[in-house]
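Notes for the structure review
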Amino acid sequence: MLDLKLIREETEQVEKALARRNGGFTIAPLLELDKDHRKVLADWEALNRRSNEISDLFKMGKAAKEEIEALRNETKEIKKRREELEQTKREIEEKFTLQQLSIPNTPDPAVPDGPDETANVEVKVWGELPKIVNPKHHYELGADLGVFDFERGVKLAESRFTVLMHMGARIERALMNFMLDMHGGKGYQEVFPPILVNRDCMIGTGQLPKFEGDFYKCVDDELYLVPTAEVPVTNLYRDEILEEANLPIYHCAYTPNFRREAGAAGKDTRGYIRQHQFNKVEIVKFALPESSEEEHEKLTRDAEAVLEALELPYRRVLLCAGDMGFCARKCYDLEVWFPAQDKYREISSCSNFGDFQARRANLRYRPADGGKPKYLHTLNGSGLAIGRTLAAILENGQQPDGSVKLPKALVPYLGGITHLQKQEKSSPVEAK
RNA sequence: GGAGAGGUGGCUGAGUGGUCGAAAGCGGCUUCCUGCUAAGAAGUUGUAUGGUCAAAAGCUGUACCGAGAGUUCGAAUCUCUCCCUCUCCGCCA
């Protein structure tokens, strides 16, 4: 959420910044509620003040006997009026909070204008595109090689759930370990958080209250299946005050992720690109405000390093204001090459949230000089989405004979296997 | 799931219905002292929000002792409900 003081004092600038996003966000209703709230608050406080005065009179035994009855009556009056005011106050506060939590972050000045992904700016291209004649889609290769079983995934759950079979399961697990090891080596401390989180977490990182329909929820327990490890990891230090000396903090985490993909009907219906459940290794940073810009560049590099180690061609794009997520102040997407689609597809999203999430989640640090606690900055990036990585490995590594050459970096994680061959007969079940 | 104990500031931990934003200790900050370090002495130190002020400081109002409701002129303190934590028992990978 945005700094209320900033909204009050630099209304115009905030409005301008928000106008760059899609969705017609405006802070006018919030300011209106703020005004109302302050008015009610002033009246309410005046009543409290008077009733405190009255009890002081009793306390000191100052109240003359003949006054006591009058004072008691006055208190009763105050109580009645206060209850009315409290009712109004509560209503305003509810609306205010909802408004406040529903306004997205302001884009960084460095973020380009634009309505959607067509206005994103390519800032970097890495790797040579493989030369493949009539490339097959990852899902075709995967079916041939016994990596995916889409039909049985649907049988077990519903559409957009997939079973990984045999080498598919092994590569997925290898990728998870490979990525965690890689980030661990760069100072990201590994964590394995709960996969179900409470509502406060979801509000803290900005998923709620705005996007209620996008997530899986356990109704009986008011718990949500995490849509990304960002949620539990960023909330690790919610309502805490960290020491400046301990910052920045780097974490990496593997979790499965669950998204309802509301509104994604018809998109990527085939294959392993868009699933309701997918695995991801996430990298998360808690940084000092003055260094978050630099940390963002480094974090993006750390995600890119995974693609490079896996020999996957990619590009980095700077998202335009209209394409950025709700909480982001600035965001780079990494897009990996899919030969059969003949295009780059998102595989990582690296964001700097500024203090936006920190305000929501009350994440603060105590400055080294002992001053008042300040909000820190949060950042995160996929490092990487594992399912899409697997798909990209299949497509980019496909050979004329139908096999798939696996990235060298992964071989030690696969017991020395260098190629994915067509399913051997010994396999108990042939995937469809 | 059953029984019991408990939730107080950055942390530990006192708290009699009014003198309690709250003892004490730790930690932090400032100053002093010892050649440095260690140790010591004194002082200071919660958060949010409003007013006063050009602004800061200062002064000052209000709220906050897990959450909500109640009793009372007045609640950290008494009552009720809920949430959470801990201990023991049961169950369980």
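Residues numbered from 1 in each chain as written. Chains lettered and ligands numbered in written order. Predicted model: local features only at pLDDT ≥ 70, side-chain atom pairs only at ≥ 80, totals over all residues. Heavy atoms only, no water.

**Topic: the protein's contact with RNA strand B**
Around RNA strand B sit 17 residues in total, of which Arg 8, Glu 45, Asn 52, Ser 55 and Lys 59 are the nearest. Counting only atoms of RNA strand B within 4 Å of the protein, the fraction found in sugar and phosphate groups is 74%. In this structure, Glu 45 approaches RNA strand B through a side-chain N or O atom, which is 2.6 Å from a base nitrogen. Contacts to RNA strand B include Ser 55, whose backbone N or O atom sits 3.1 Å from a base nitrogen. Put simply, the parts of the chain that give the surface near RNA strand B at least two residues each are helix H3 (28–59) and helix H4 (65–101). Looking at which element gives the most residues to the surface near RNA strand B, the answer is H3, with nine residues. The class makeup of the residues in the surface near RNA strand B is four nonpolar, four polar and nine charged. (Near = heavy atom within 4 Å. Polar contact = N/O pair within 3.5 Å; in protein donor to acceptor, adjacent residues only side chain to side chain. Helix = DSSP H or I, 4+ residues; strand = E, 2+ residues; numbered from the N terminus. Nonpolar A, V, L, I, M, F, W, Y, C, P; charged D, E, K, R; others polar.)

**Comments concerning the sheet that holds strand S6 (residues 217–218)**
A sheet is described by the order of its strands in space; here three strands give the open sequence S5-S7-S6, paired in antiparallel fashion. Each end of this open sheet is capped by a strand with a single partner; those strands are strand S5 (196–198) and S6. Bridge count between S6 and strand S7 (residues 223–225): two bridges; the pairing is antiparallel. Bridge pairing in S7 places Cys 218 opposite Leu 223. (Pairing = 2+ DSSP bridges.)

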